[in-house]
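Geometric and topological summary
Listed here are the chains, written in short residue letters.
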Amino acid sequence: MDAHAGSQETENSFPAEEATERPTRMTRIQTLTLISMASVNFSSMICYSILGPFFPNEAVKKGASQTVVGLIFGSYAVCNLIGSMVMGRYIVQIGAKFMLIAGLFVSSVCTIMFGLLDRAPAGAPFISLCFIVRSVDAVGFAAAMTSTFAMTAKIFPNNVATVLGSLEIFTGLGLILGPPVGGWFYHSFGYEVPFMLLGCLLMIMVPFNIYVLPSIEAEPSKDSFFRLLLHGKAILICFVIVTLSAGLGFIDATLSLFAMKTFNLSSGYVGLIMIGLSLPYCLASPLIGYFTDKYPGTRTGFTVTGGVITAVCFFLLGPAPFFHIQSQLWLMVLMLALIGFSLGMTAIPTFPEIITCAHEQGFEEGLSTLGMVSGLFGAFWSTGMFYGPIVGGLITQRLSFEWAATVQGAMGLLAALLLLAYSLCQRRQRVREDDQQGEESTPLLNG
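These remarks concern the structure in this document. Just so it is clear, the structure is predicted and the values come from calculations on it, not from any experiment.

Quick look at helix 7 (residues 124-155)
In this model helix 7 runs 47 Å from its N-terminal to its C-terminal C-alpha over 32 residues, within 8% of the 46 Å that 1.5 Å per residue would give. With 24 of 32 residues buried, helix 7 is to be regarded as a mostly interior element.

Re the packing of aromatic side chains
Tallied over the full model, the rule gives ten aromatic pairs. Aromatic side chains F322 and F323 sit 4.9 Å apart centroid to centroid with 70° between the ring planes, which places their arrangement in the edge-to-face category. We classify F322 as partly exposed; its relative accessible area is 45%. Among the residues examined, F323 registers a relative accessible area of 35% and is labelled partly exposed. Plain terms: the ring middles of F377 and W381 are 6.1 Å apart, the flat faces sit at 15° to each other, and that makes the pair stacked. Placement of the pair is F377 and W381 together in helix 16 (residues 367-398), with a separation of four residues, close to one helical turn. Counting every residue linked through ring pairs, the aromatic cluster contains F250, F258, F263, F314 and F401.

Concerning the environment of P389
Mapped onto the elements, P389 comes out in helix 16. Using a relative accessible area of 1% as the deciding quantity, one classes P389 as buried. Each C-alpha atom of the pair P389 and T254 lies 7.5 Å from the other, and the pair is 135 residues apart in sequence. Aside from chain neighbours lying at most four places away, what touches P389 is G70, F73, G74, G249, F250, A253 and G384.

Focus: a nonpolar patch on the surface
On the surface, V78, I82, V86, Y90, I94, F98 and F386 cluster together into a nonpolar patch covering about 620 Å² of accessible area. When residues of the nonpolar patch are assigned to their parent elements, the largest contribution, three residues, is made by helix 4 (residues 66-89). Mapped onto the elements of the fold, F386 is located in helix 16.

A closer look at empty space enclosed by the protein
Throughout the structure, instances matching the rule amount to five cavities of 30 Å³ or more. In this structure, the largest cavity occupies an estimated 750 Å³ of space. Taken together, 37 residues form the lining of the largest cavity, with M45, T171, L175, L248 and W381 sitting closest to its centre. Of all the elements in the fold, those that place two or more residues in the lining of the largest cavity are helix 2 (28-49), helix 4, helix 7, helix 8 (160-189), helix 11 (232-263), helix 12 (267-294), helix 14 (329-347) and helix 16. Here the lining of the largest cavity gets six residues from one element, more than from any other, and that element is helix 16. Partitioning the lining of the largest cavity into residue classes produces 23 nonpolar, twelve polar and two charged.

Remarks on the nonpolar core
Ranked by internal contacts, the top residues of the largest apolar core, which has 117 residues, are F55, F114, I251, L317, F351 and I354. Ranked by residues supplied to this core, first place goes to helix 11 with 15 residues. Those residues in contact with I354, other than ones at most four positions away along the chain, are L228, I237, C238, I241, V373, L376 and F377.

Concerning the packing of helix 2 against helix 9 (residues 192-212)
To describe two helices that pack against each other, one gives the angle between their axes and the distance between the axes. Two elements in contact, helix 2 and helix 9, have axes whose closest approach is 10 Å; the angle formed by their N-to-C orientations is 165°. For the element pair helix 2 / helix 9, the angle class is roughly antiparallel. The element helix 2 and its partner helix 9 pack so that their crossing is left-handed. Counting all contacts with helix 2, which are made through L32, I35, S36, S39, V40, F42, S43, S44, I46 and C47, the residues of helix 9 involved are L198, G199, L201, L202, M205, F208, N209 and V212.

Things to note about helix 11
Here helix 11 spans 44 Å end to end across 32 residues, near enough to the 46 Å set by a 1.5 Å rise per residue. By the largest-angle criterion, T254 marks the main kink of helix 11, which is about 45°. Within helix 11, 27 of the 32 residues are buried, which leaves the element mostly enclosed by the surrounding structure.

Some details on the pattern of salt bridges
Under the counting rule described, the total for this entry stands at three salt bridges. Here K233 ties to E353 by a salt bridge, and the two come within 2.7 Å at their closest N and O atoms. A residue pair is termed long-range when its members are at least 10 positions apart, and K233 in helix 11 and E353 in helix 15 (residues 350-360) qualify at 120 residues. A single burial state applies to K233 and to E353, both of which are buried. With a closest N to O distance of 3.4 Å, R299 and E353 form a salt bridge. Linking R299 in helix 13 (residues 299-317) with E353 in helix 15, this pair joins segments that are 54 residues apart in sequence. A single burial state applies to R299 and to E353, both of which are buried. Connected via shared salt-bridge partners are K233, R299 and E353.

Basis of the calculations
- Residues numbered from 1 in each chain as written.
- Predicted model: local features only at pLDDT ≥ 70, side-chain atom pairs only at ≥ 80, totals over all residues.
- Heavy atoms only, no water.
- Helix = DSSP H or I, 4+ residues; strand = E, 2+ residues; numbered from the N terminus.
- Expected span 1.5 Å × (residues − 1).
- Buried < 20%, exposed > 50% of the residue type's maximum accessible area, 1.4 Å probe, protein only.
- Phe/Tyr/Trp six-rings, centres within 6.5 Å; stacked < 30°, edge-to-face > 60°.
- Contact = heavy atoms within 4.5 Å.
- Patch = residues over 30% accessible without salt bridge, like charges linked within 9 Å, V, L, I, M, F, W, Y side chains within 5 Å.
- Areas by Shrake-Rupley, 256 points an atom, 1.4 Å probe, with all protein chains shown as cover.
- Salt bridge = Lys/Arg side-chain N within 4 Å of Asp/Glu carboxyl O.
- 1 Å grid on protein atoms, 1.4 Å probe; cavity = no way out; pocket = protein on both sides within 12 Å on 5 of 7 lines; lining within 4 Å.
- Points joined across faces, edges and corners; volume = space filled by probe spheres on them.
- Nonpolar A, V, L, I, M, F, W, Y, C, P; charged D, E, K, R; others polar.
- Core = buried A, V, L, I, M, F, W, Y, C linked by side-chain atoms within 4.5 Å.
- Axes fitted to C-alpha atoms, helices over the stretch in contact; angles between N-to-C directions.
- Parallel < 35°, antiparallel > 145°, perpendicular 65-115°, else oblique.
- Left-handed = near helix turned anticlockwise from the far one by under 90°.
- Bend = angle between axes of the 7 residues up to and from the residue.

In C-alpha cells, the structure reads:
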C-alpha cells in the first residue's frame, strides 16, 4: 500500500524540468493528462452547445426579444473574458488542477440550475435569472478551459498544436452531439431534461479528474498581458480569434430562428444542421495540428487561408443580399460544413503561434507564461462571443440574417488580410536585414 501511494504521488506531480524532455513515447502523466483534457473538452462543449437549437425559441416564448437573446449569449462571453484574464494571470497561485476541477463543479451546478429556469415567470424574472446563471457558468468554464490549455502546453511542449488538434476531436464531438441531443431531448421530454442530464455528466467529471489529473509545480511570473500585446503579430492573431468566435456566437444565437422561419424546420432538425459545422472541424483539427507542428512556418498560411474561406462562406450563408441568390437549405448546410473545416485551419495554429510571440517578447518558459497565453486566447475568444451574438442579433432584428452574416464575413476577411500584410512586411524586412548583413560581410571577406 505504501509503495503504491508513493508511486501514485510521484506520477501525479509534474516538476518544471520534466516539460523540456522529449520522450520517445508518452509517459503515464501525459496519458492521464490526455484522458483528463479529453473528458473536460467533451463534457464542457456538449453542455455549451445544447442551447443553440431550442433556447432562442424558448426565450422568445418567455418574452425575450432577439436582441435580449443575443445579450444572454453575450453576457456569457463577457464573464468568460474577465474570468479568462484573471485565471490566466493567477493560474500558478490558484493551482492549475484546482482551477480546472473547481471550474467543472461550478459549470455542472449552473447547467442544472439553467434547466430549472422554465419554471420562472415570463419576462423580467426569467431574463434576469438567465443572465445570472449564465454569467456564473461562464466563470467556471473560463477556469476549466484556461487551465486545460495551459496544462496541455506545459506537458506537451514540443507538439502543442498536434495535441490540441487531437483534443479538438472531443471538442467537436461535444459540439456535434450537443445540438441534436439537446434538440431531441427537448422535443421529447421538455426543457428541463437536457440540462439535468448533461449537468450530471459534468458533475461525474469532477471526481474522475481529481483522480487522473496530474499536479504541476511552477513559479509565478512578473510578466503581463499588455507586454505580450506589444507584439504586432500577437495583436493581429487575437483579432483573427475575435472574428472566428464572433462568427460562431452569431450562428449560435441566430441560425436556429432563421432556419425554423425560412425552411419550417423543427428544433431537432436544426440540431442536425449544426452537425454540418462541427463534424468537419472535428476531423480537420488533428491533421492540421500535426502538420503545423511538423512545419511551423505554415501556421500563418493556414490561418490566413482558413480566414478567407470562412469569410466567403459567411457571405454565402445567407446568402448576402447583393448576390441576389435565394436562401436554400443545401447551400446553408454546405457553407456550415466549409466553415467548420476552415475554422480548424484558422484556429488550431493560433495558440502555438501566440506562444512563439511570447517567447520572442522575452517571456520565460513555464506554466505562468502558458497561463497568460491561455487567458489571452480565452479573453479574445470571449470578446468575439460577446460581439457576435449581440451585434449579429441587432443587425438581424433591424435588417436581416443575410446582412448580419455578411458583416461577420467582412470582419473575418479584414482580419485575414491584415495578418497576411503584416507577415509579408515582416518577411521583406528580414530579407533586407539579411542583404545588409551580406553586404557588410563582403568587404571583410575581400580584405
